[in-house]
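# Tertiary structure, described
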Amino acid sequence: MENLASLYPKHIAELNRRVAEIAAREQLSGLVIHSGQPLRQFLDDMDYPFKVNPHFKAWLPVVDNPHCWLIVNGQDKPQLIFYRPVDFWHKVADEPNDFWADAFDIHFLTKADKVAEFLPKNLNHWGYIGENVDLADALGFGSANAEAVLNYLHYHRATKTEYELVCLRRANEIAVKGHEAAKGAFYSGASEFQIQQAYLAATDQGENEMPYGNIVALNRNASILHYTALEHKVPAQRLSFLIDAGAAFNGYAADITRTYAFEKNQFCDLIAAMDKLQLEIINMMAPGVSYPDLHLATHHKLAQILLDFNLATGDRQGLVDQGITSVFFPHGLGHMLGLQVHDMGGFLRNDTGLYVAAPEAHPFLRCTRTLDVNQVLTIEPGIYIIDSLLEGLKQDQRASQINWQAVDQLRPFGGIRIEDNVIVHQDRNENMTRDFGLNG
């Protein structure tokens, strides 16, 4: 795999180019990017797990050190104000000496409240990027999280540098190891909690290092889209297993889902059909293709699966138009992926902030972009037996098109989701997840 150190200078050059362009456009001297501050738990002396500002970790892979600052103007060498307090209670961050350190002029901050001594003198012409807006106001910044600046950065963040693509590949490589371990734990009879522990051990990452809370669902729990309860008890009957879990590398996220049947049965056949559907949609990805069109194509393919498995009657177009496919597949096809699991910029038509909303009939779609080279997206079709949504079908004429006996037979299995992470290239698609050996 490519060497990070050799690719990193071009990554920094591209980020500098973007800052120079938006600073000139908005008549700013530059941007000051704050890593963030810890958040104290209410009535306690402990902080919540720290989550770094994604705009900060876009520049360097420091994800666990609060009170750091970047000063960037697109012209001069970026300055890093690196927090290293005198502290005998906690581990102090080591002095930077990794491959990225030479890209910055580094200054050490020992007291967080003394940062003004390191910042530009006239902050009225600088833009603050971070969540602590009250602090920005107190320091005298002229703007904080200006919409025009964020729209520009978020739009262009969709185009990954070669350095970023390597980081995303490595995140996938790590996550695949976890998925293989989780699959083995499921077939060995583990509980949801035990499967989670097997996953974390295989990735060598802790729960707080995961880019999101892993979904580890057995049987009917797989119908809960964001299920994170992790039951400790082994179920009396083992039917199905859905795992939606990622990993992080240098601040970049993997986001992968697989579904398994414990035995060879109709549910197993349904998984195979969904896997085939998913790969067909990935094959349709290319520069110039509309992501909403891929989502709609997924619904038409899902309609055929509903017919093939005798879950519904009618024709494909009718099942889509009546919203029947949306009951079985209520979420979006996927989203942009990168520094965040749901990476920013998915609804932007251009870098001035033109917003393109999801189609009215598909409000949970997280991306309306037209695909382009070096974009990274998830493709994650699903089919679920969700009683609260099915109840709506029972209330009108659509009820006659549903084979309720077939629905009842699938209900104990919960649902299916299959998700890969894909890089769009000019002449091909790179399925990172499958390339590292995780099949459907």
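Described in the following lines is the structure provided in the data block. (Residues numbered from 1 in each chain as written. Predicted model: local features only at pLDDT ≥ 70, side-chain atom pairs only at ≥ 80, totals over all residues. Heavy atoms only, no water.)

## Digging into the overall build of the chain
The condition is simple: Strands here are runs of E lasting at least two residues and helices are runs of H or I lasting at least four, both read from the DSSP assignment and numbered beginning at the N terminus. As a reference, a globule follows 2.2 Å times the number of residues to the power 0.38, and the radius of gyration itself is taken over C-alpha atoms. When accessible area is computed with a 1.4 Å probe and restricted to protein chains, residues below 20% of their type maximum are described as buried, those above 50% as exposed, and intermediate ones as partly exposed. Residue contacts are counted whenever heavy atoms from the two residues lie within 4.5 Å of one another. Methods summary: accessible areas were calculated by the Shrake-Rupley approach with a probe of 1.4 Å, and residue burial reflects only the protein chains presented.
Of regular secondary structure, the chain possesses 13 helices and 14 strands. In terms of overall size, the chain behaves like a compact globule, its C-alpha atoms giving a radius of gyration of 24 Å where 440 residues would be expected to give roughly 22 Å. The dimensions of the chain, computed from C-alpha atoms along their principal axes, are 70 × 45 × 45 Å. Considering the chain as a whole, with its 440 residues, one finds that 55% of them fall into the buried category. Counted over contacts in the chain with a minimum sequence separation of 6, partners at least 24 positions apart contribute 71%. Summing over all exposed atoms, the chain offers an accessible surface of approximately 19,500 Å²; the carbon and sulfur share of this is 50%.

## A word on the environment of Glu173
Relative to the helices and strands, Glu173 resides in helix α5 (residues 162-187). The exposure class of Glu173 is partly exposed, given its relative accessible area of 31%.

## Considerations on empty space enclosed by the protein
Worth spelling out the cut-off: In the cavity and pocket records, a cavity denotes points on a 1 Å grid over the protein atoms alone where a 1.4 Å probe fits but cannot get out, a pocket denotes an open set with protein on both sides within 12 Å along at least 5 of 7 lines, and lining residues are residues with an atom within 4 Å of a point. Grid points are joined across faces, edges and corners, and a volume is the space filled by probe spheres set on the points. Any residue outside Ala, Val, Leu, Ile, Met, Phe, Trp, Tyr, Cys, Pro, Asp, Glu, Lys and Arg is labelled polar, Gly included; the first ten of those are nonpolar and the last four are charged.
Inspection of the entire model under this criterion finds two cavities of 30 Å³ or more. Space inside the largest cavity adds up to approximately 160 Å³. Lining of the largest cavity is provided by Leu15, Arg18, Val19, Leu31, Ile33, His55, Ala58, Trp59, Leu153, Arg157 and Glu164. Going through the elements one at a time, α1 (4-25), β1 (30-34) and α4 (147-157) are the ones with two or more residues in the lining of the largest cavity. Partitioned by chemical class, the residues of the lining of the largest cavity number seven nonpolar, one polar and three charged. One number sums up the size of the second largest cavity: a volume of about 50 Å³. As for the second largest cavity, its lining consists of Phe267, Leu270, Leu311, Ile383, Tyr384, Ile385, Leu410, Phe413, Gly414 and Gly415. Looking at the lining of the second largest cavity, the elements that each hand over two or more residues are α7 (266-283) and β11 (382-384).

## Looking at the layout of surface pockets
Where empty space is left in the structure can be found by rolling a water-sized probe over the atoms. If you add up the space inside the largest pocket, you get close to 1,600 Å³. For the largest pocket, the lining is made up of 48 residues, of which Phe50, Val63, Asp64, Asn65 and Pro66 are closest to its centre. For the lining of the largest pocket, the class distribution of residues is 27 nonpolar, nine polar and 12 charged. Estimated volume of the second largest pocket: approximately 450 Å³. Forming the boundary of the second largest pocket are 22 residues, of which His226, His331, His342, Arg366 and Glu380 lie nearest the centre.

## Brief notes about α5
Stated precisely, the cut-off is as follows: To estimate how far a helix should reach, multiply one less than its number of residues by 1.5 Å.
In this model, α5 (26 residues) spans 38 Å end to end at C-alpha, consistent with the 38 Å of a helix rising 1.5 Å per residue. Gly189 sits one or two residues past α5 and shows a positive phi near 100 degrees.

## Focus on the sheet that holds strand β3 (residues 79-83)
Hydrogen bonds along the backbone pair up the strands of a sheet, which may run parallel or antiparallel. Rule in force here: Two strands qualify as a pair provided DSSP detects at least 2 bridges between them.
A sheet is described by the order of its strands in space; here six strands give the open sequence β4-β3-β2-β1-β5-β6, paired in mixed fashion. For this open sheet the edge positions go to β4 (105-109) and β6 (143-144), each flanked by a neighbour on one side alone.

## What about the nonpolar core?
As a reminder of what qualifies: The definition of a nonpolar core used throughout is a set of buried Ala, Val, Leu, Ile, Met, Phe, Trp, Tyr and Cys residues joined through side-chain atoms within 4.5 Å.
Ranked by size, the top nonpolar core spans 83 residues in total, and within it Trp59, Leu60 and Phe104 carry the most contacts. Per-element accounting of this core gives the leading share, 12 residues, to α5. The residues contacting Leu60, other than those within four sequence positions of it, are Tyr8, Leu70, Leu80, Trp100 and Phe104. Listed in part, the 50 residues of the second largest apolar core include Leu302, Leu306, Leu377 and Val407.

## Notes on the pairing of strand β2 (residues 69-72)
Side chains Trp69 and Ile71 of β2 all project onto a buried face; the interleaved residues Leu70 and Val72 project onto the opposite face, where all are buried too. Bridging between β1 and β2 involves four bridges; their strand directions are antiparallel. Directly across from Leu31, in β2, lies its bridge partner Val72. Taken together, β2 and the strand that follows it, β3, pair antiparallel across an intervening segment of six residues, in which Gly74 is found at a positive phi of about 85 degrees.

## A few points about the sheet that holds strand β14 (residues 429-431)
Just so we agree on the cut-off: Convention adopted: a line fitted to C-alpha atoms gives each axis, helices being fitted over their contacting stretch, and angles between N-to-C directions are expressed from 0 to 180 degrees.
Strand order in the open sheet formed by three strands is β10-β13-β14, with antiparallel pairing between adjacent strands. A single partner strand is all that each edge strand has here, and the edge strands are β10 (376-379) and β14. With strand direction ignored, the average angle separating the axes of adjacent strands in the sheet is 30 degrees. When strand β13 (residues 420-424) meets β14, the two strands line up antiparallel, connected through three bridges. Residue pairing in the sheet places Ile423 in a bridge with Glu430 of β14. The sheet contacts of α5 involve β10, β13 and β14, and relative to β13 the element is tilted by about 160 degrees.

## Quick look at α1
Inclusion rule: Counted as a polar contact is a pair of N or O atoms within 3.5 Å, where, for protein atoms, one must be capable of donating a hydrogen and the other of accepting one, and residues adjacent in sequence contribute only when both atoms are in side chains.
Taking 1.5 Å as the rise per residue, α1 with 22 residues should run 32 Å; its terminal C-alpha atoms sit 31 Å apart, in good agreement. Along α1, the residues classified as buried are Leu4, Leu7, Tyr8, His11, Ile12, Leu15, Asn16, Arg18, Val19, Ala20, Ile22 and Ala23. Residues of α1 that are buried make contact with β1, β2, α4, α5, β8 (240-249) and β9 (252-261). For α1, the capping residue at the N-terminal end is Asn3, with a side-chain oxygen 3.0 Å from the backbone nitrogen of Ala5. Among the residues trailing α1, Gln27 stands out with phi positive, at a value near 55 degrees.

## Here's the deal with unusual backbone geometry
One non-glycine residue, Asn145, adopts positive backbone phi at about 55 degrees. With respect to the helices, strands and loops of the structure, Asn145 is situated in the loop between β6 and α4. Looking at Asn145, the relative accessible area reads 24%, which means it is partly exposed. Unusually for a residue other than glycine, Asn310 sits at a positive phi of about 60 degrees. Among the structural elements, Asn310 can be located in the loop between α8 (291-308) and α9 (316-321).

## Regarding the side chain of Asp275
Structurally, the position occupied by Asp275 is in helix α7. According to the relative accessible area criterion, Asp275 is buried, its value standing at 15%. Excluding anything up to four places from it in sequence, Asp275 contacts Ile418, Arg434 and Gly440.

Geometric descriptors of this kind do not, in isolation, establish any biological role.
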